[in-house]
Amino acid sequence: MSSTTLSAAITPESTIGALVAARPLLARFFERLGIDYCCGGKQTLAAACQRRGLDVPTTLALLDSTAAALAAGPAEVDAAAMGLGQLADHIEATHHAYLKAELPRLVEMADRVAAKHGWRDGRLPEVAAAVNTLAAEMTDHMRKEEKILFPLVREIEAGAADGFPCGSIANPIRQMEAEHESAGNLTAKLRLLTDGFTPNAEACNTHRALLGGLEEFESDLHRHVHKENNVLFPRALALAAAQPA
Ligand SMILES: [Fe+2]
Ligand SMILES: [Fe+2]
C-alpha cells in the first residue's frame, strides 16, 4: 500500500478500533486529533469526528496529507498479526512492565509536588489523589489480567479451555473493559486538571517531570487498552465461541 493512500477503504461507518487494528500507525493520527481509539474503539469514524467537531472528508484528507510524517515516526507494533498468547506476552513485557516501573515514580512525584506546592494551587492535591487512585487501580487490574484472564486466553488458544467456569471469558473481559473505562476517565481528569499536562511558569523540576511522565503514561495507556479492547479481547471471545461447549 502506498503511504499516500492511507484513507483508501476507510468509510464513515468504519469503527475506530478496527481501523487502528488494521493500520497501527493510525493510533498516532487519532491521538493527535484527540479521538479516543481505545475505550472509544467501538464508535464509528463519523461519530468520533462529529464529537470532535470535524467532518469525515476533511479528516481523511488530513490523514493522507500527513501519511508520510506518520510513517516516519517510531514503528507501531502490529498487534493484529500476533497470536493471542504472543500478544498477551507482548502486553505484559511492554505495557505492564512499563507501568510497574513508572507508577511508583509518578505517585512519589505527585505526592511531593502536592505537599510542597499545594498551598498555592488547589488542583495539585487533586492531581495527587487521582494519580494514587489510578496507580492502585492499574496495579490490581494488571494482577487480574496476569493471573486470571491472560492464562485463560492462552488456554483458549491452545484449545484446552473446555468447561471453564465464568461463562467462557465474557465476564472477566467485561470487568476488564469497565476497569479500562475507569482508568481512561481518571487520565482524562488528569489532563483537565493539568491544562493538557502543560507546566506553568512557576512549576519546579519535579512538577515538570511529573507532567511529562503523565503525558507519556496517557499515550501508553491508549496503546495498551487498544491492544486489549480492540484486538486481544474480541479475538479471544470469537475463538472461545468457536470451541465446543
Ligand atoms: Fe493490560
Ligand atoms: Fe487491561
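**Some thoughts on the domain arrangement of the protein**
Consideration 1: Each assigned domain of the protein is listed here: domain 1 (16-72) and domain 2 (79-242).
Consideration 2: Between the C-alpha centres of domain 1 and domain 2 there is a distance of 21 Å.
Consideration 3: Ranking the residues of domain 1 by area buried against domain 2 places Glu31, Cys38 and Cys39 at the top, with a combined share of 49%.
Consideration 4: The residue Glu31 makes a salt bridge to Arg223 at a minimum N-O spacing of 3.3 Å.
Consideration 5: Joining domain 1 to domain 2, the criterion identifies four residue pairs in polar contact (both at pLDDT 80 or more).

**Focus: the coordination of the iron ion (ligand 1)**
Consideration 1: Coordination of the iron ion (ligand 1) by the protein comes from His96 (NE2), Glu145 (OE), His224 (NE2) and Glu228 (OE), over a distance range of 2.0 to 2.2 Å.
Consideration 2: Angles of 88 to 166 degrees at the metal separate the four donor atoms of the iron ion (ligand 1), which places the site in the irregular class.
Consideration 3: Read in sequence order, the donor residues coordinating the iron ion (ligand 1) give the pattern H-x48-E-x78-H-x3-E.
Consideration 4: Residue His96 is classed as buried on the basis of its relative accessible area of 0%.

**What about the coordination of the iron ion (ligand 2)?**
Consideration 1: Of the protein atoms, only His141 (NE2), Glu145 (OE), His180 (NE2) and Glu228 (OE) coordinate the iron ion (ligand 2), at distances of 2.0 to 2.1 Å.
Consideration 2: One way to put it: the four donor atoms around the iron ion (ligand 2) meet at angles of 87 to 172 degrees, and that makes the site irregular.
Consideration 3: Along the chain, the residues that donate to the iron ion (ligand 2) are spaced as H-x3-E-x34-H-x47-E.
Consideration 4: Distance-wise, the iron ion (ligand 1) is placed 3.2 Å from the iron ion (ligand 2), both being coordinated by Glu145. Here His141 is found in helix α7 (residues 123-157), whereas its partner His180 is found in helix α8 (residues 170-193), with 39 residues between them in sequence.

**Description of the packing of aromatic side chains**
Consideration 1: Taken as a whole and judged by the stated rule, the model has one aromatic pair.
Consideration 2: With a centroid separation of 5.7 Å and 55 degrees between ring planes, the pair formed by Phe29 and Phe30 is classed as tilted.

**What about unusual backbone geometry?**
Consideration 1: One non-glycine residue, Ala9, lies in the positive phi region at around 70 degrees.
Consideration 2: Checked against the element boundaries, Ala9 lands in the segment before α1 (16-22).
Consideration 3: We classify Ala9 as exposed; its relative accessible area is 74%.
Consideration 4: The phi angle at Phe197 is positive, at roughly 60 degrees, despite the residue not being glycine.
Consideration 5: With respect to the helices and strands, Phe197 occurs in the loop between α8 and α9 (205-242).
Consideration 6: Taking relative accessible area as the criterion, Phe197 reaches 5% and is therefore assigned buried.

Procedures and definitions
Residues numbered from 1 in each chain as written. Chains lettered and ligands numbered in written order. Predicted model: local features only at pLDDT ≥ 70, side-chain atom pairs only at ≥ 80, totals over all residues. Heavy atoms only, no water. Domains from an automatic or database assignment. Buried area = accessible area lost by both parts, 1.4 Å probe. Salt bridge = Lys/Arg side-chain N within 4 Å of Asp/Glu carboxyl O. Polar contact = N/O pair within 3.5 Å; in protein donor to acceptor, adjacent residues only side chain to side chain. Donors = N, O, S within 2.8 Å, 3.2 Å for Na, K, Ca; no water. Tetrahedral: all angles 85-135°; square planar, octahedral: opposite > 155°, others 65-115°. Buried < 20%, exposed > 50% of the residue type's maximum accessible area, 1.4 Å probe, protein only. Helix = DSSP H or I, 4+ residues; strand = E, 2+ residues; numbered from the N terminus. Phe/Tyr/Trp six-rings, centres within 6.5 Å; stacked < 30°, edge-to-face > 60°.

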